[in-house]
Amino acid sequence: MKEQKAVDVISVCNTDGEILPLRLQLVDENKQLLRIHIRQARVTERIEHIGAEAVVFHCRAEACDRMLSFRLKYTYRSHIWHLL
């Protein structure tokens, strides 16, 4: 099973109900708060099981003077973002 970590995300929704992550915030292994501005996000997977509707985004961001690539999952029912 994939390791998932719940994270705080700021996102927007358009008039069609599509959600887009803009920034995320998490605490690293050194107990430092990191705020990451997402530069690109695209939907790579839609999960549509009974009671488990979710969407997975492939994201790119710049942090600590380097480009990061990561995936975020948003679960509609629980309204929780996970870093995969």
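Parameters at a glance
Residues numbered from 1 in each chain as written. Predicted model: local features only at pLDDT ≥ 70, side-chain atom pairs only at ≥ 80, totals over all residues. Heavy atoms only, no water. Helix = DSSP H or I, 4+ residues; strand = E, 2+ residues; numbered from the N terminus. Rg over C-alpha atoms; globule rule 2.2 N^0.38 Å. Buried < 20%, exposed > 50% of the residue type's maximum accessible area, 1.4 Å probe, protein only. Contact = heavy atoms within 4.5 Å. Areas by Shrake-Rupley, 256 points an atom, 1.4 Å probe, with all protein chains shown as cover. Lys, Arg positive; Asp, Glu negative; His and termini not counted. Charge placed at Lys NZ, Arg CZ, Asp CG, Glu CD. pLDDT = per-residue confidence, 0-100.

## Quick notes on the overall build of the protein
Along the protein, the regular secondary structure elements total zero helices and six strands. Taken from N to C terminus, the helices and strands of the protein fall in the order β-β-β-β-β-β. Whereas a compact globule of 84 residues would reach a radius of gyration of roughly 12 Å, the protein reaches 13 Å, a difference of no more than 12%. Judged by the C-alpha coordinates and their principal axes, the protein covers about 40 × 30 × 20 Å. Across the 84 residues that make up the protein, the buried fraction comes to 29%. Residue pairs at least 24 apart in sequence account for 29% of intrachain contacts in the protein once pairs closer than 6 positions are excluded. Per element, the accessible surface of the protein, about 6,100 Å² overall, is 49% carbon and sulfur. For the protein, the distance from the average position of its 13 positive side-chain charges to the average position of its 11 negative side-chain charges is 2 Å.

## Regarding the confidence of the model for the protein
For the protein, per-residue confidence averages 91 on the pLDDT scale, and residues scoring 70 or more make up 98% of the total. The least confident element of the protein, judged by mean pLDDT, is strand E3 (residues 33–47) at 93; the most confident is strand E6 (residues 80–83) at 96.

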